[in-house]
Amino acid sequence: MTAKPKIILGIESSCDDTSAAILVGNEIRANIIAGQAVHEQYGGVVPELASRAHQENIIPVVQTALQTAQISLSDLDAIAFTQGPGLMGSLTVGTSFAKALALALDVPLVGVHHMKAHILAHFIADASDASPTFPFLCLTVSGGHTQIVRVNDALDMQVIGSTIDDAAGEAFDKAAKMLGLPYPGGPLIDQYAQLGDPNAFEFAKPQIKDLDFSFSGLKTSILYTLQAAEKENPNLRQDKRNDLCASIQNSIVSILMAKLDKAVKQTGIQTVVIAGGVSANSELRKRLLAQKDKGWKVSIPKMSYCTDNAAMIAMAGSFYLAAGHTVGQDTAADPRLKW
Ligand code: KG4
Ligand code: ZN
């Protein structure tokens, strides 16, 4: 007799999105995300406002997920939540909610690492045409992280390169802010870049050893380029917005692709995937797919599983649960949760 597929409620609240998802086996039946517009006017996430919004959103988001999936609380086999890394106040809302619900329902509780979940999102049934096979390399690029991870197995991951300063998403967002675009600017840079010339402006390239990244020099280079060019044209940021966006995007994506290429050569692993919010970037997706001609096996999750979502938390939870990695009521949110 085959085992009944497990039904898992996933909860994500690490930053500024409150999300709940229902996973049955490896199929997502609901993935509800409530964003927080409150941060836009401040040009970045305000932690205190984020945790307040999570408090307001968590119950309606979980209820909507259950209703959408037509699952009742008594059907749940486990609850998986983001334990870290992330903002303490935000994580605490999801963690406390998950603990209380698991206690009330007497079901196992699974603490999930947010970045590992971004990687494991590839195993959701409808994430892509085909799930990657182990071992593979994953470029995890989000607002808080930029890493190259060697994924030997769902539970065995090794970071082989990471940023020494800003994350790629941060580089996108900070550059967007310099252009006067609202937060988060990454998706807007992507959008305007479609209309611009990627070679219109040239910025400094980082010289960082091994597989590590750096984006702080690029940020300074963009600022100096803007200041110098504005002496000629004070309206540059408006007039050349599309060219600036295309050039900034080209620089960031080139930095990412150069290190990924190096990692493939160093490890001999040609199965390459991307994960995290910045993997929604159309230029990065295009450049990665172009590597198929070189023999790389590439997998890119669909957009809704790239940016923060609870579907990936439920999927990671399912791997952890199967391996018996559950946590007790004494567990706590951990903003700096280790790999
Ligand atoms: O993974 P994520 O949703 O949240 C974190 O865990 O950080 O990533 C958010 C980041 C933001 O910096 C946002 O600007 C960036 O992902 N992002 C993009 C795009 N969509 C989201 N950056 C560039 N192009 C995009 N299309
Ligand atoms: Zn994320």
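Residues numbered from 1 in each chain as written. Chains lettered and ligands numbered in written order. Predicted model: local features only at pLDDT ≥ 70, side-chain atom pairs only at ≥ 80, totals over all residues. Heavy atoms only, no water.

Undergrad: Whenever I open this one, the site of ligand 1 confuses me. Can you help?
TA: Surveying the vicinity of ligand 1 reveals 19 residues, the closest of which are G143, D173, D190, G277 and D308. One of the backbone N or O atoms of G143 is found 2.8 Å from an oxygen atom in ligand 1. In the model, an oxygen atom of ligand 1 is placed 3.0 Å from a nitrogen or oxygen of the D308 side chain. Contact with the protein chains hides 89% of the accessible area of ligand 1, taken as 550 Å² for the molecule alone. When atom positions are compared with the pocket grids, ligand 1 is found to occupy the largest pocket. Of all elements in the fold, only α3 (114–120), α4 (168–178) and α5 (186–193) reach the threshold of two or more residues within the shell around ligand 1. Considered class by class, the residues forming the shell around ligand 1 number five nonpolar, eleven polar and three charged. (Near = heavy atom within 4 Å. Polar contact = N/O pair within 3.5 Å; in protein donor to acceptor, adjacent residues only side chain to side chain. Areas by Shrake-Rupley, 256 points an atom, 1.4 Å probe, with all protein chains shown as cover. 1 Å grid on protein atoms, 1.4 Å probe; cavity = no way out; pocket = protein on both sides within 12 Å on 5 of 7 lines; lining within 4 Å. Sits in = over half its atoms within 2 Å of the grid points. Helix = DSSP H or I, 4+ residues; strand = E, 2+ residues; numbered from the N terminus. Nonpolar A, V, L, I, M, F, W, Y, C, P; charged D, E, K, R; others polar.)

Undergrad: Help me out: how do you make sense of the environment of A117 in this one?
TA: With respect to the helices and strands, A117 occurs in helix α3. Sequence separation between A117 and K4 is 113 residues; the distance between their C-alpha atoms is 23 Å.

Undergrad: Whenever I open this one, the packing of α4 against helix α6 (residues 216–232) confuses me. Can you help?
TA: Between two packed helices, the angle of one axis relative to the other and the distance separating the axes together describe the packing. Where α4 contacts α6, the two axes come as close as 10 Å, and the packing angle between them is 15°. The orientation of α4 relative to α6 falls into the category roughly parallel. Seen from above, α4 lies across α6 with right-handed handedness. Between α4 and α6, the residues in contact are K174, A175 and M178 and K219, I222, L223 and L226, respectively. (Axes fitted to C-alpha atoms, helices over the stretch in contact; angles between N-to-C directions. Parallel < 35°, antiparallel > 145°, perpendicular 65-115°, else oblique. Left-handed = near helix turned anticlockwise from the far one by under 90°. Contact = heavy atoms within 4.5 Å.)

Undergrad: Is there a simple way to think about the pairing of strand β6 (residues 136–141) in this case?
TA: The element β6 is largely enclosed, with a buried count of six among its six residues. Burial along β6 is two-sided: F136, C138 and T140 and L137, L139 and V141, pointing in opposite directions, are all buried. Of the strand pairs in this sheet, β6 and strand β7 (residues 146–153) are connected by six bridges, and their pairing is antiparallel. Its bridge partner being in β7, L139 is matched across the sheet by I148. Bridge analysis of β6 against strand β9 (residues 271–275) gives four bridges, and the strand direction is parallel. Directly across from T140, in β9, lies its bridge partner A275. (Buried < 20%, exposed > 50% of the residue type's maximum accessible area, 1.4 Å probe, protein only. Pairing = 2+ DSSP bridges.)

Undergrad: Help me out: how do you make sense of the nonpolar core in this one?
TA: Note on soluble globular proteins: their nonpolar side chains tend to be buried together. Of all hydrophobic cores here, the largest spans 47 residues; its most connected members are L139, F215, I252, L256 and L288. Mapped onto this core, the elements with two or more residues apiece are β6, α4, α5, α6, α8 (241–267), β9 and α9 (282–290). At twelve residues, α8 tops the list of elements feeding residues into this core. Those residues in contact with L288, other than ones at most four positions away along the chain, are M257, L260, V272, I274, W296, V298 and I300. Among the nonpolar cores identified, the runner-up in size contains 33 residues, and I119, F123, V149 and M315 belong to it. (Core = buried A, V, L, I, M, F, W, Y, C linked by side-chain atoms within 4.5 Å.)

Undergrad: Just checking my understanding: could you explain the side chain of T225 for this structure?
TA: Tracing the backbone shows T225 in helix α6. In terms of polar contacts, T225 uses its side chain to reach the backbone carbonyl oxygen of S221, at 2.6 Å. Setting aside residues no more than four positions away along its own chain, T225 makes contact with F201, E202 and F203.

Undergrad: Would you mind going over the packing of helix α1 (residues 47–69) against helix α2 (residues 88–105) with me for this structure?
TA: At a minimum axis distance of 8 Å, the contact between α1 and α2 shows a crossing angle of 30°. Classified by the angle their axes make, α1 and α2 are roughly parallel. Crossing angle aside, the handedness with which α1 passes α2 is right-handed. Contacts from A50, S51, H54, Q55, I58, I59 and V62 in α1 reach G89, S90, V93, G94 and F97 in α2.

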